[in-house]
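# Residue-level structure breakdown
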Amino acid sequence: MSALRLLPVLLVGGCVYFNALYDANREYDDGLEQLQEQSQVLARVHFDSVIAKTGRIVDEHPDSKYADDAAILKTRAELHTDKWESAAETAARAEDLAGSVRSRATAVGLRGVALRELGRNAEADSLLSVGLAGDLDGDDEALFLFQRGLARQSLGRSDEAAVDLEAAATSAELTSEGRLSLSIALRDIGDYHRSAELAAGLLVDANPNPRDPLYLHADSLAVLAPDVVDSLGAELLESPAVAATRLAAFHYLMGRARLSAGRTEAALESFDAAIAEASTSQAASHSAYYMIEVRLSRASRPEDVRALAGSYPLARRVGDSKLRARASRWQTGSEEFDGLISAYEGRGASAAEAVLRAAEVAQIDLYAPALARGGYLLYLQVAPESPWAAKAMIGALSLSGATPDAGWVEDRGAQTDAELRRRFEELPADDPYRVALAGTRDRDAMSDSMYVLAEADLDRRLTEIRMLFDPTAADTVPAQDQDEIQVEPDEDEIQN
């Protein structure tokens, strides 16, 4: 991505009453907004529209007092869509049409930007210097300094480049939007410290919402430069008179940075702190989401899942629809997992298949590998001769290296894996799960049918178990299968 693409510049003045130019200005602003929200596709749609509208003004009304404004705006839109050669040509046209010294300086500088992107750094350096010598808006000045710094860096003039980049970052006249965009541009060239310093100044007063463009940028910095963002968060927490919602947001950013750095325990502390500071904030909801994700990935016994039950409603208030859907799936999966484990804990071996299904839920819905492996191993201990033993062996072996809590189920690692492989090889050759694992070469219609029947039998067995606690569970069974279900009472029921 070009360093320029997210560095907006102020629009030059002009008569907003000319409809085409007014519409193009609004379209351009919409494009910048989409860029800040990291939606490149939608931004390009807006910029392409700007190019079309301003192009008509420049081509059809070159004598209009709006022509120079239109040419400059067209140049900016072309730069944002990587049309470097067209931008250079349009900028040269804008120089010819310029009706003021400011417009001419802006056009010259924009042509320098385009030439730098084309690799013509010496020419770019000269043009940008000419532009910077003129009367510019604050954001244009920062843009040209930034681009000249890049040009001089490419020319081997590192000291001069550093001066330009520092001046761009500390420009007193730079707007907040310009500071954000410059911070993003500095991030894109790997200057994380300068990028973070600019972001810090904005975060103190910004809307503390993880979906805000500033926080999306800070979040990306947390992944690229976690130590920098961790230090930044610590400094922000020391700011005087900080509102609870902002404190929560700062803790959230630190949590994301620490998670990216592999400091999981410290990340969890930050996420918990964010929730404690402002439990109704979006920062708390995002923190709850990532906290749940981490704790599920590390869960090694059923109690670890039960401990998260109260956190799902908060995570489900997260603003991002994809995260919200994942949190909802986790909650549903956790409730199903807990119900299945409770069924086994209440009835023992007579409800062994509940453990097998719980292991599948842990693996597929909860993304909890150690918990899933523990479930598969527990099932093999409780029901070693089960017709579904091969299914549990395959599941446990697929999660080799994930270790469940020793107080819940025994797992000796490589030794357990070797034993599982031996037991699997001793299974009958026509075991439906063994045949299914062997691949299509060894499968035929009969073996596929056996696999389907085995899965159907497991579903029926699970329905039997559920019916002991929930009579409505039978409603999920096809009518032709209901007559085959016979619920066996446990010993306590017989005695009573």
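Residues numbered from 1 in each chain as written. Predicted model: local features only at pLDDT ≥ 70, side-chain atom pairs only at ≥ 80, totals over all residues. Heavy atoms only, no water.

### Notes on the overall build of the protein chain
Broken down by element type, the protein chain carries 26 helices and zero strands. By the burial criterion, 51% of the 496 residues in the protein chain qualify as buried. For the protein chain, the accessible surface area stands at approximately 22,600 Å², while carbon and sulfur atoms represent 48% of it. (Helix = DSSP H or I, 4+ residues; strand = E, 2+ residues; numbered from the N terminus. Buried < 20%, exposed > 50% of the residue type's maximum accessible area, 1.4 Å probe, protein only. Areas by Shrake-Rupley, 256 points an atom, 1.4 Å probe, with all protein chains shown as cover.)

### What about the pattern of salt bridges?
Across all of its chains, the model carries 35 salt bridges by this definition. Between Asp164 and Arg152 there is a salt bridge; the shortest N-O distance is 3.5 Å. With Asp164 in helix H8 (residues 158–169) and Arg152 in helix H7 (residues 138–154), this residue pair connects regions lying 12 residues apart in the sequence. The exposure class assigned to Asp164 is buried, which follows from its relative accessible area of 3%. Residue Asp304 is joined to Arg301 by a salt bridge in which the shortest nitrogen-to-oxygen separation is 3.6 Å. The partly exposed category is assigned to Asp304, whose relative accessible area is 23%. Judged by its relative accessible area of 37%, Arg301 falls in the partly exposed class. Among the charged side chains, a salt-bridge network with shared partners connects Asp125, Arg148, Arg152, Arg157, Glu160 and Asp164. (Salt bridge = Lys/Arg side-chain N within 4 Å of Asp/Glu carboxyl O.)

### Structural notes on the environment of Phe337
The topology assignment puts Phe337 in helix H18 (residues 321–347). We classify Phe337 as buried; its relative accessible area is 2%. Each C-alpha atom of the pair Phe337 and Ala359 lies 8.0 Å from the other, and the pair is 22 residues apart in sequence. With sequence-adjacent residues up to four places away left out, Phe337 is seen in contact with Pro302, Val305, Ala358, Val361, Ala362, Leu366 and Leu371. (Contact = heavy atoms within 4.5 Å.)

### Structural notes on unusual backbone geometry
Of note, Asp82 is a non-glycine position whose phi angle comes to about 65°, a positive value. You can see Asp82 is positioned in the loop between helix H3 (67–80) and helix H4 (84–97). Judged by its relative accessible area of 33%, Asp82 falls in the partly exposed class. Its identity as a non-glycine residue notwithstanding, Ala241 has a phi of 50°, on the positive side.

### Quick look at H4
Compared with the 20 Å implied by 1.5 Å per residue over 14 residues, the 20 Å span of H4 between its first and last C-alpha is a close match. The set of residues buried in H4 consists of Trp84, Ala87, Ala88, Thr90, Ala91, Ala94 and Glu95. In this structure, the buried residues of H4 make contact with H3 and helix H5 (101–117). (Expected span 1.5 Å × (residues − 1).)

### Looking at the packing of H18 against helix H19 (residues 352–364)
Between H18 and H19, whose axes approach to 8 Å, the crossing angle comes to 160°. Classified by the angle between their axes, H18 and H19 sit roughly antiparallel to one another. Here H18 runs over H19; the crossing is left-handed. Only Ala352, Ala354, Val355, Arg357, Ala358, Val361, Ala362 and Ile364 of H19 make contact with H18, whose side of the interface consists of Arg329, Gly333, Glu336, Phe337, Leu340, Ile341, Ala343 and Tyr344. Residues belonging to the contact of H18 with H19 are distributed by class as follows: 12 nonpolar, one polar and three charged. (Axes fitted to C-alpha atoms, helices over the stretch in contact; angles between N-to-C directions. Parallel < 35°, antiparallel > 145°, perpendicular 65-115°, else oblique. Left-handed = near helix turned anticlockwise from the far one by under 90°. Nonpolar A, V, L, I, M, F, W, Y, C, P; charged D, E, K, R; others polar.)

### Quick notes on a negative patch on the surface
On the surface, Asp29, Asp30, Glu33 and Glu37 cluster together to form a negatively charged patch. Here Glu37 is to be found in the loop between helix H1 (19–36) and helix H2 (40–60). The partly exposed category is assigned to Glu37, whose relative accessible area is 38%. (Patch = residues over 30% accessible without salt bridge, like charges linked within 9 Å, V, L, I, M, F, W, Y side chains within 5 Å. Lys, Arg positive; Asp, Glu negative; His and termini not counted. Charge placed at Lys NZ, Arg CZ, Asp CG, Glu CD.)

### Quick word on the packing of aromatic side chains
Tallied over the entire structure, the rule returns six aromatic pairs. Arranged with centres 6.5 Å apart and planes meeting at 40°, the rings of Tyr252 and Phe271 form a pair that is tilted. You can see Tyr252 sitting in helix H13 (residues 244–260) and its partner Phe271 sitting in helix H14 (residues 264–277), a full 19 residues away along the chain. Across the pair, exposure class does not vary: Tyr252 and Phe271 are buried alike. (Phe/Tyr/Trp six-rings, centres within 6.5 Å; stacked < 30°, edge-to-face > 60°.)

### With respect to the side chain of Glu78
Relative to the helices and strands, Glu78 resides in helix H3. In terms of polar contacts, Glu78 uses its side chain to reach the side chain of Lys74, at 2.6 Å. Beyond its immediate sequence surroundings of up to four residues, Glu78 is in contact with Ile51, Lys83, Ser86, Ala87 and Thr90. (Polar contact = N/O pair within 3.5 Å; in protein donor to acceptor, adjacent residues only side chain to side chain.)

### A few points about the confidence of the model for the protein chain
Residues with a pLDDT of 70 or more make up 87% of the protein chain, whose mean pLDDT is 85. The low-confidence segment residues 1–17, where pLDDT is below 50, has 62 contacts with residues more than four positions distant or belonging to other chains. Counting contacts from residues 474–496, a segment whose pLDDT is below 50, to residues more than four positions away or on other chains yields 21 contacts. (pLDDT = per-residue confidence, 0-100.)

### As for the environment of Ala343
Note that Ala343 resides in helix H18. Judged by its relative accessible area of 7%, Ala343 is buried. For Ala343 and Ile465, which are 122 residues apart along the polypeptide, the C-alpha to C-alpha distance reads 7.4 Å.

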